[in-house]
Amino acid sequence: MKTRLHAHIGTLRQLEILLAVAHHGSVTAAAKALHLTQPTVSMQLKKLSEAIGSPLFYQVGRDLKLTEVGEVTTESAREVLLCFERLDMKLTKLRGLTSGTLRLAVVTTAKYFMPHLLGDFCRQFPDIDVDMTIGNRAQIVKRLAEGEDDFCVFSHPPTNDDYQLAEFLPNRLVAIAHQEHPLCQRKRISLKEFASQPYIMRENGSGTRYAIEQHMTRHNCELNVRMTIESNEAIKHMVMSGMGVSILSEHTLTFGGSAGLSILNVGKLPIKTNWYLVSLKSRPASPIATALLEFAQKNNRLQLLEDLER
Ligand code: PGA
């Protein structure tokens, strides 16, 4: 009698677990992401490795690294799961666009407006589930490369022929200061003078920081960075407490509140960019993802909402 396939290459769930551990580099992080306990993840990995007959990982310090067998299995696991996703999409299509999960990964700054867009979208398609991950640009770039989501949201997307970019909303990076700051009295401030103020910067890997650094280099200016903080909200509070000035996306003020802060009129600012829904071309677009894309591009409610808040 022929042996059943999963007797020597594991079950689908085990392949999912393998992918999560490979992605997160640790059992603990994978267990958290999958909402499983750590022993369950370890046990399933052990069973998978026994079925295959070879170790899949080895330990380097606190990280797990894939063995060659692990690499090959991971690659095929991705294809297998993609195949299941395609089947799911076909079935969703047959049932009509009424259910399914929309997977999104958004950079930290996009968390101010994406919930508003999704709120409207989900009212139109009430049976859709949304799975949204938030991280800084560097973290979301990694997810995009691995094709984990239907869309990633960036204003500074990585440029690569493998990615499809769809612009859907303007993004302005504005200079902010405490409302009692002496620069608030000034009608016009040069970029050089603004740059000489103690500056509160986003962390390495942030798209906001990336755009600001590029802009400053283009205009031959160097910021007087005093502090680095990995949260837009914490930066706003630091600015409110008079610790320095900063440049943040205007969405952090319009949707996130601007009490105690003023926007400065600085030459060569704001930095104007756009938000993009970015997808991996090789990842088949689900009907829900296609519907979101159309909705985001047609829907100017976000812009209206923001104008109202302004
Ligand atoms: P950030 O990214 O939230 O990581 O700063 C924003 C962006 O991509 O522009």
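Residues numbered from 1 in each chain as written. Predicted model: local features only at pLDDT ≥ 70, side-chain atom pairs only at ≥ 80, totals over all residues. Heavy atoms only, no water.

Enquirer: Pulling in residues and values, what's your account of the side chain of Glu203?
Expert: In this structure, Glu203 sits in the loop between strand 7 (198-202) and helix 9 (207-218). Looking at Glu203, its side chain comes within polar contact range of the side chain of Arg202, at 2.8 Å. Not counting residues up to four positions away in its chain, the partners in contact with Glu203 are Asn136, Arg209, Thr228, Ile229 and Glu230. (Helix = DSSP H or I, 4+ residues; strand = E, 2+ residues; numbered from the N terminus. Polar contact = N/O pair within 3.5 Å; in protein donor to acceptor, adjacent residues only side chain to side chain. Contact = heavy atoms within 4.5 Å.)

Enquirer: I'd like a rundown of the state of the cysteines, residues and numbers included.
Expert: Scanning all chains against the criterion turns up 0 disulfides. Of all cysteine sulfurs, the one in Cys152 lies closest to Cys122, which takes part in no disulfide; the gap is 18 Å. (Disulfide = S-S within 2.5 Å.)

Enquirer: Residue-level account of the site of the ligand, with values.
Expert: Near the ligand you find Val107, Thr108, Thr109, Asn136, Arg137, Ser155, His156, Arg202, Ser206, Gly207 and Thr208, and these make up its full shell. Between an oxygen atom of the ligand and a main-chain N or O atom of Arg137, the distance comes to 3.1 Å. One nitrogen or oxygen atom from the side chain of Ser155 is found 2.3 Å from an oxygen atom belonging to the ligand. Within the complex, 99% of the 290 Å² of free accessible area of the ligand lies under protein. Judged by the fraction of its atoms near the pocket grid, the ligand is located in the largest cavity. (Near = heavy atom within 4 Å. Areas by Shrake-Rupley, 256 points an atom, 1.4 Å probe, with all protein chains shown as cover. 1 Å grid on protein atoms, 1.4 Å probe; cavity = no way out; pocket = protein on both sides within 12 Å on 5 of 7 lines; lining within 4 Å. Sits in = over half its atoms within 2 Å of the grid points.)

Enquirer: If you had to explain the packing of helix 2 (residues 12-24) against helix 3 (residues 27-34) to someone new, which residues and values would you point to?
Expert: When two helices pack together, their arrangement is given by the angle between their axes and by how far apart the axes lie. Where helix 2 contacts helix 3, the two axes come as close as 8 Å, and the packing angle between them is 125°. If you check the angle between helix 2 and helix 3, you find them oblique. Crossing angle aside, the handedness with which helix 2 passes helix 3 is right-handed. Of the residues in helix 3, those in contact with Arg13, Ile17, Ala20, Val21 and His24 of helix 2 are Ala29, Ala30, Ala33 and Leu34. A per-class count over the contact of helix 2 with helix 3 returns 7 nonpolar, 1 polar and 1 charged. (Axes fitted to C-alpha atoms, helices over the stretch in contact; angles between N-to-C directions. Parallel < 35°, antiparallel > 145°, perpendicular 65-115°, else oblique. Left-handed = near helix turned anticlockwise from the far one by under 90°. Nonpolar A, V, L, I, M, F, W, Y, C, P; charged D, E, K, R; others polar.)

Enquirer: Account for the packing of helix 3 against helix 4 (residues 38-52), naming residues and giving values.
Expert: For the pair helix 3 and helix 4, interaxial distance at closest approach is 8 Å and the crossing angle is 110°. Judged by the inter-axis angle, helix 3 sits roughly perpendicular to helix 4. Residues Val27, Thr28 and Ala31 of helix 3 touch helix 4, and the partners they reach there are Gln38, Val41, Ser42 and Leu45. Partitioning the contact of helix 3 with helix 4 into residue classes produces 4 nonpolar, 3 polar and no charged.

Enquirer: Run through the packing of aromatic side chains, naming residues and quoting values.
Expert: For the structure on display, the rule yields 5 aromatic pairs. Pairwise contacts between aromatic rings join Phe113, Phe168 and Trp275 into one cluster. The ring of Tyr210 has Arg137 lying over it, and the distance from NZ or CZ to the ring centre is 4.7 Å. (Phe/Tyr/Trp six-rings, centres within 6.5 Å; stacked < 30°, edge-to-face > 60°. Lys NZ or Arg CZ within 6 Å of the ring centre and 35° of its normal.)

Enquirer: A description of helix 10 (residues 232-240) should follow, citing residues and the corresponding values.
Expert: Within the sequence span of helix 10, burial applies to Asn232, Ile235, Lys236 and Val239. For helix 10, the angular spread of buried residues about the axis comes to 100°, placing them on one side. Residues of helix 10 that are buried make contact with strand 6 (163-178), strand 7, strand 8 (224-229), strand 9 (246-249), helix 11 (251-254) and strand 10 (261-263). With a side-chain oxygen lying 3.3 Å from the backbone nitrogen of Glu233, the N-terminal cap of helix 10 falls on Ser231. (Buried < 20%, exposed > 50% of the residue type's maximum accessible area, 1.4 Å probe, protein only. Arc of directions from axis to C-beta.)

Enquirer: Requested: an account of the environment of Ala30, with residues and values cited.
Expert: Inspection of the secondary structure assignment puts Ala30 in helix 3. For the pair Ala30 and Ala20, spaced 10 residues apart in sequence, the C-alpha to C-alpha distance is 5.2 Å. Among all residues touching Ala30, those that are not within four sequence positions of it are Ala20, Val21 and His24.

Enquirer: For the layout of surface pockets, give the residues involved together with the corresponding values.
Expert: Size it by volume and the largest pocket reaches roughly 1500 Å³. Forming the walls of the largest pocket are 44 residues, and the residues nearest its centre are Glu85, Arg103, Arg143, Glu148 and Asp149. At the level of secondary structure, the elements contributing two or more residues to the lining of the largest pocket comprise helix 2, helix 3, helix 5 (68-95), strand 3 (100-107), strand 4 (128-135), helix 7 (137-145) and helix 12 (287-298). Here the lining of the largest pocket is composed, by residue class, of 17 nonpolar, 12 polar and 15 charged. (Points joined across faces, edges and corners; volume = space filled by probe spheres on them.)

Enquirer: Go over helix 6 (residues 114-124) with me, naming the residues and quoting the values.
Expert: Within helix 6, the full set of buried residues consists of Met114, Leu117, Leu118, Asp120 and Phe121. Take helix 6 and look down its axis: the buried residues cluster within an arc of 160°, on one side only.

Enquirer: Please set out the environment of Leu48 residue by residue, giving values where relevant.
Expert: Assignment of secondary structure puts Leu48 in helix 4. What Leu48 contacts, discounting residues up to four positions off in sequence, is Ile9, Gly10, Gln14, Leu15, Leu18 and Leu56.

Enquirer: Before we move on, can you summarise unusual backbone geometry with the specific residues and values?
Expert: A cis amide bond links Leu269 with the next residue in sequence, Pro270, at an omega value of 0°. Along the polypeptide, Pro270 turns up in the loop between strand 10 and strand 11 (271-280). Phi is positive for His35, close to 60°, though the residue is something other than glycine. Topologically, His35 is positioned in the loop between helix 3 and helix 4.

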